[in-house]
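Observations on the model geometry
Spelled out, the chains give:
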Amino acid sequence: MNDQDALTAYAASFVDELAENGVKHVVVSPGSRSTPLAILLVEHPDIEIHINVDERSAAFFALGMAKALKEPVGLLCTSGTAAANYYPAIIEAYYSRVPLIVLTADRPHELRDVGAPQAIDQIHLYGRQVKWFVEMALPERTDEMIRYARTVGARAVATAAADPAGPVHLNFPLREPLIPNLEQAKECRQKRMAPAVLIESGVRTLSASQIEAVATTLSQAKQGLIVCGELPDPEMKEEIVALAETLAFPLLADPLSQLRSGSHDKGVIIDAYDTFLRDETTKASFSPDMIIRFGAMPVSKPLLLFMKKQKQAITLVVDGGAGWREPAGLATNMIYCEEREFCQRVGEKISGAADDEWLRIWQTINGATKNALASVRDEAELSEGKLFALLADMLPKQSTLFVGNSMPIRDLDTFFMNNEKGIRTLANRGANGIDGVVSTALGVSTVAENTVLAIGDLSFFHDMNGLLAAKLQKQNITILLINNDGGGIFSFLPQANEKEHFETLFGTPHGLDFSHTAKLYGGKYNKVQSWDELQRVVTESFQIQGLKIIEVPTERESNLHKHRNLWSFVSQEIKLVLDREIS
């Protein structure tokens, strides 16, 4: 037996086990030390590889695919700083519960800490940002080591996918020669034994007595709320809506909950809370005695501040992933139960007729707020608020909208209202960074038709090299590039009062001409000047293959004043409604 035989049998068995356990996609960045795994992955008939030269972009690309597919996606790179470039996406995956299988090639032990090239300390490189780390054994062709390779492969997939989902890291020290025997690898697949480990994973549940106790508590609540952030499974929305209807609780739905768009009943769904909870009079008029939270913490800061003041309320946080998503610090009960099952079983036990007057008041305020917000549609000049108000009109049914952080996700929260189109909304809200947004959206577009990315200019600049994947792999994506020449969100923060240094430190104008970016990466580019032109270009983009960049120029100072004037107008309209309700 020679070294090539050992390498091939060991690595081929590992790769085959990934496929046997359902891994269909692996993103590969070129490198030498990772050669055997790269070749064996591309040769495997059940795995599709996606080449991405830049490891940082590659990791976010894989993140996007895994986020859209809700299943583990692999990543492979060579040794050294290549692996370090994965770190930002791994952090995002860990905090947003996205399953990734990170495979890093490494120098063998005798070449570590002796000055060998591309040799850094990769042991626990990602610290506590991964669910599991394994320093793989060196390849051997023995029954025990083949079974070991398969066992680790199976366990890696299961660990990444298990709630709460997240990244795992396997580090492969490899000696030369690095070229596997492809005929031998084919034989390994044809003569494969059954998967080394069949791992069955169930869902967290509550006992009958626990369900009964929760149902009794909820039945006694008179003024309750259900708050939904990004949910682990968008298919559970029917059950959450049904529970809200049974309890007559307003359902405050973050745009990433997927509750605002689709054919389901939306009568109890409150979608304008981010605006009316900015109003002090409105906030003071609501005093819930019960709050039930599902999913991640919503985007809205006004909602978070409102919840922090509700110290009188019983607060239940339901989390099938058994985490601690409670930045408000007010949870009275952390309930580790799969969300869909919780809603179904508790809903069946609710007794007594619900009093819907509390719900009716929330619905009335919500309706008045939406009517006032609709005035944004009358704006003649291009603006960020109106853009997001029009998105539901412009996007096709069953399309996917990926939204950048900073102002875009907040404008989505404010202006993207309930609709019937089934538009899926995604964002990187684990660590809330602006890095890798383009690459993540491109990963999504690999597996989702009619993907649109709405992104600010600084976030776009931060990940422009991610567009190479769009060119090389002929990705179909429409990018709405909102260009206010700098960091628009800072205009809404206290830093804006520091006029002397604001532009240098926070505004950061760049003056870039993004038409050159589109040309560099072979994309179609339009810089729109009117709403009619925007409507036409966006509609046409879904009939054009490849990368489409649509630049929407806006003005930061004007955007700030428009938002504040609109919020002031909404407050006046809400006051009229509250006066009528109280009288």
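Before reading on, note that the structure itself is shown above.
A short tour of the structure in this document, coming up.

About the thresholds
- Residues numbered from 1 in each chain as written.
- Predicted model: local features only at pLDDT ≥ 70, side-chain atom pairs only at ≥ 80, totals over all residues.
- Heavy atoms only, no water.
- Helix = DSSP H or I, 4+ residues; strand = E, 2+ residues; numbered from the N terminus.
- Rg over C-alpha atoms; globule rule 2.2 N^0.38 Å.
- Buried < 20%, exposed > 50% of the residue type's maximum accessible area, 1.4 Å probe, protein only.
- Core = buried A, V, L, I, M, F, W, Y, C linked by side-chain atoms within 4.5 Å.
- Contact = heavy atoms within 4.5 Å.
- Patch = residues over 30% accessible without salt bridge, like charges linked within 9 Å, V, L, I, M, F, W, Y side chains within 5 Å.
- Areas by Shrake-Rupley, 256 points an atom, 1.4 Å probe, with all protein chains shown as cover.
- Salt bridge = Lys/Arg side-chain N within 4 Å of Asp/Glu carboxyl O.
- Lys, Arg positive; Asp, Glu negative; His and termini not counted.
- Charge placed at Lys NZ, Arg CZ, Asp CG, Glu CD.
- Polar contact = N/O pair within 3.5 Å; in protein donor to acceptor, adjacent residues only side chain to side chain.
- Right-handed = clockwise from strand over helix to strand, strands pointing away.
- Pairing = 2+ DSSP bridges.
- Axes fitted to C-alpha atoms, helices over the stretch in contact; angles between N-to-C directions.
- 1 Å grid on protein atoms, 1.4 Å probe; cavity = no way out; pocket = protein on both sides within 12 Å on 5 of 7 lines; lining within 4 Å.
- Points joined across faces, edges and corners; volume = space filled by probe spheres on them.
- Nonpolar A, V, L, I, M, F, W, Y, C, P; charged D, E, K, R; others polar.

1. Focus on the overall build of the protein
- In terms of regular secondary structure, the protein is built from 23 helices and 18 strands.
- Compactness check: the protein gives a C-alpha radius of gyration of 26 Å against a globular reference of 25 Å for 583 residues, within 12% of the reference.
- Principal-axis analysis of the C-alpha atoms gives the protein an extent of 90 × 65 × 45 Å.
- Considering the protein as a whole, with its 583 residues, one finds that 57% of them fall into the buried category.

2. What about the nonpolar core?
- Among the nonpolar cores identified, the biggest contains 58 residues, and F276, W362, F388, L401 and L534 are the most heavily contacted of them.
- Take this core: its biggest share by element is 7 residues, from helix 15 (residues 384-394).
- Other than its neighbours up to four places away in sequence, L401 contacts L391, L395, L412, F416, I423, R424, T425, L426, V452 and A454.
- Counting 47 residues, the second-largest nonpolar core is a separate cluster that includes A66, A83, L426 and V444.

3. Structural notes on a negative patch on the surface
- Together, E235, E238, E245 and D265 make up a negatively charged patch on the protein surface.
- Relative to the helices and strands, E238 is located in helix 9 (residues 237-247).
- On the basis of relative accessibility, which here comes to 45%, the residue E238 falls in the partly exposed class.

4. Here's the deal with helix 16 (residues 407-415)
- The element helix 16 is largely enclosed, with a buried count of 8 among its 9 residues.
- Within the sequence span of helix 16, burial applies to M407, P408, I409, D411, L412, D413, T414 and F415.

5. Re the side chain of Q310
- With respect to the secondary-structure elements, Q310 resides in the loop between helix 12 (301-308) and strand 11 (314-318).
- When its relative accessible area of 6% is taken as the criterion, Q310 is described as buried.
- A distance of 2.9 Å separates a polar side-chain atom of Q310 from the backbone oxygen of F306.
- Contact partners of Q310, with chain neighbours within four places excluded, come to F286, S287, P288, I291 and L330.

6. Here's the deal with the pairing of strand 18 (residues 547-553)
- Within strand 18, 6 of the 7 residues are buried, which leaves it mostly tucked inside the rest of the structure.
- Between the parallel pair strand 17 (residues 524-527) and strand 18, the chain is carried across by helix 22 (residues 531-541), and the sense of this crossover is right-handed.

7. Brief notes about the pattern of salt bridges
- On inspection of all chains with the given rule, the structure shows 20 salt bridges.
- Between R293 and E326 there is a salt bridge, with the nearest N and O atoms lying 2.9 Å from each other. A residue pair is termed long-range when its members are at least 10 positions apart, and R293 in strand 10 (residues 290-294) and E326 in the loop between strand 11 and strand 12 (333-335) qualify at 33 residues.
- Since its relative accessible area comes to 1%, R293 is described here as buried.

8. Notes on a nonpolar patch on the surface
- Taken together, the side chains of I51, V53, L468 and L472 make up a nonpolar region of the molecular surface, amounting to roughly 320 Å² of accessible area.
- Tracing the backbone shows L468 in helix 19 (residues 467-472).

9. Focus: the sheet that holds strand 4 (residues 100-106)
- Spatially, 6 strands are ordered 2-1-3-4-6-5 in an open sheet, and the strand pairing comes out parallel. At either end of the open sheet lies a strand with only one pairing partner, and these are strand 2 (48-51) and strand 5 (132-135). Adjacent strand axes in the sheet meet at a mean angle of 20 degrees, parallel and antiparallel pairs treated alike.
- Of the strand pairs in this sheet, strand 3 (residues 73-77) and strand 4 are connected by 5 bridges, and their pairing is parallel. If you follow G74 over to strand 4, its bridge partner there is I101.

10. Some details on the layout of surface pockets
- Quantified by volume, the second largest pocket comes out at close to 390 Å³.
- Around the second largest pocket sit 18 residues that line it, and E235, K237, Q398, G422 and R424 are the ones nearest its centre.
- In terms of residue class, the lining of the second largest pocket is made up of 3 nonpolar, 9 polar and 6 charged.

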